[in-house]
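Topology and contacts: notes
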Amino acid sequence: MNKSTAPGDAGAVSSVAAGASHGDAHVTVRNLTKVYRTRRGDHVALDDVSLDIGAGEFVVLLGPSGCGKTTLLRCIAGLEEPDSGEIVVDGQVVFSSEKGIFIPPERRRLNMVFQSYALWPHFTVAENVAYPLRNSGVGKADALRRASETLDLVGLGGREGAYPGQLSGGQQQRVALARTIVAGDGLVLFDEPLSNLDAKVRDRLRIELLSLQDRIGFSALYVTHDQTEALALADRIGVMDFGRFEQLGPPDEIYDRPASRYVADFVGTANAIDGTVAALDAVVTVRTTFGDIRGMAAADGLAVGDAVSVVIRPEHCHIDPHAAAGIPGEINRLQGEVERSLYLGAVTEYVVRTGSETLICSASGGRRIPAGEGQEVCFAAARTRIYAAEEES
Ligand SMILES: Nc1ncnc2c1ncn2[C@@H]1O[C@H](COP(=O)(O)OP(=O)(O)O)[C@@H](O)[C@H]1O
Ligand SMILES: [Mg+2]
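The shown structure was predicted, so the numbers you read here are calculated from the model rather than taken from an experiment.

Observations concerning the domain arrangement of the chain
Looking at the assigned domains, one finds that the chain contains domain 1 (27–256) and domain 2 (269–388). The gap between the C-alpha centroids of domain 1 and domain 2 is 39 Å.

Remarks on the pairing of strand β18 (residues 347–354)
As paired elements, strand β17 (residues 337–343) and β18 share 6 bridges and run antiparallel to each other. Counterpart to R340 in the pairing with β18 is V351. Hairpin geometry of β17 and β18 is characterised by an intervening segment of 3 residues between the two adjacent antiparallel strands and by a positive phi of about 90° at G345. Examined bridge by bridge, β18 and strand β19 (residues 357–364) share 8 bridges and lie antiparallel to one another.

As for the pattern of salt bridges
Pairs can form between side chains of opposite charge whenever their charged atoms are close. Evaluation of the coordinates by the stated rule reveals 19 salt bridges. The shortest N-O distance in the salt bridge between E80 and R74 comes to 3.3 Å. Residue classification places E80 among the buried residues on the basis of a relative accessible area of 16%.

A look at the side chain of N271
Relative to the helices and strands, N271 is located in strand β12 (residues 271–280). Here I360 takes part through its backbone oxygen, which lies 2.7 Å from a polar atom of the side chain of N271. When sequence neighbours within four positions are dropped, the list of residues in contact with N271 reads V310, V311, I312, R313, P314, C317, L359 and I360.

Observations regarding the sheet that holds strand β6 (residues 101–102)
The strand order across the open sheet built from 5 strands is β2-β1-β4-β5-β6, with neighbouring strands paired in antiparallel fashion. The open sheet is flanked by β2 (41–53) and β6, the only strands paired with a single partner. One ladder, built from 9 bridges, connects strand β1 (residues 27–38) with β2; its direction is antiparallel. Looking across to β2, one finds that V29 is bridged to L51. Those strands touched by helix α1 (residues 69–77) are β1, β2 and β4 (84–89), and its axis lies near 115° from that of β1.

Observations regarding the nonpolar core
The biggest cluster of nonpolar side chains holds 42 residues, and the ones touching the most others in it are F190, L209 and Y222. Element by element, the count of residues in this core is highest for helix α4 (residues 169–181), at 5 residues. Contact partners of L209, with chain neighbours within four places excluded, come to F58, L177, F190, F218, Y222 and L233.

What counts and how
Residues numbered from 1 in each chain as written. Chains lettered and ligands numbered in written order. Predicted model: local features only at pLDDT ≥ 70, side-chain atom pairs only at ≥ 80, totals over all residues. Heavy atoms only, no water. Domains from an automatic or database assignment. Pairing = 2+ DSSP bridges. Helix = DSSP H or I, 4+ residues; strand = E, 2+ residues; numbered from the N terminus. Salt bridge = Lys/Arg side-chain N within 4 Å of Asp/Glu carboxyl O. Buried < 20%, exposed > 50% of the residue type's maximum accessible area, 1.4 Å probe, protein only. Polar contact = N/O pair within 3.5 Å; in protein donor to acceptor, adjacent residues only side chain to side chain. Contact = heavy atoms within 4.5 Å. Axes fitted to C-alpha atoms, helices over the stretch in contact; angles between N-to-C directions. Core = buried A, V, L, I, M, F, W, Y, C linked by side-chain atoms within 4.5 Å.

Dropping the structure here:
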């Protein structure tokens, strides 16, 4: 397998096929499986994964450490060889187990940015950015001119002659970004590129990244374990666990209609109450130790008597009796008492005790409800989701 040429990071690939057409990037991953064979046994890092990335689309892979995000990126880049499946980049089959095809990384039309961004310390900023162009045969003057234009785009115009060591972490990250996008509008693979930066810089770079994408129009596959980052950046989010997609969809769908308890817990905060299905209709009735709760089935296939979890987001739980009047449709009411309130600026979070459990309720604006006062938690049946109980593993 081909190894990369960049220093510092064994994985950095920045390649442009000379003369390649710069049409719409489009990636198709079909039934990809990758098994790492180690002394301690086989480890399935990707388990039959399929994914399409449209031209100009920004797809985020979200999931906990070890779920296979980096492995999927490295397979697409050509830095790992999958065991089976197929990968098509821009109409070119770059990997197919069936057809015995494996195209090396430097001949795939894509670019990759890593968490450790591996700039050449003895090259100037402009030389770093020009490198992939020079590597693919663009003349020096032309490459430096395009590097300079790209540095303007990332807000580093005028710093062409500086060395990486003279720049801040955030600026170095922008140089790495410029180096990745200098080649044009292909696919850009990002592996947690902002995770080493402090929160303020990260917030700003996120916004810049989106406006760059607007201007340049590259497609992106972006790995993060940060749900806020995923929600902010993605056209679609793929939530991964154990080498599989748990759910793949637009951010609002992932957040409002999580396909599983796992997704509900991983993206945002979720209150969960255990119970059993008492009646099935358009609305499901669940018997819990707090009384019956009514909600929407998250998937087909529930039956009366099934063990389930009732899941409700904190911002949909109301403890202010006046707020409850504004909830449309059928309302669930649980007796409870505010045990603690946490003022967080934009929102206040209330810890509400209902019997042996506590629920988190959050409210923005309005009156701050003192501990001991809230007597009832209200939430709309339409906002309440019922999931089949997951087997303990
Ligand atoms: N070169 C390797 N050899 C053996 N196991 C590996 C190797 N690379 C990754 N893994 C394992 O594969 C799984 C997925 O890893 P990775 O794709 O890096 O996860 P993520 O990026 O989501 O944190 C992990 O359990 C990891 O330990
Ligand atoms: Mg990783």
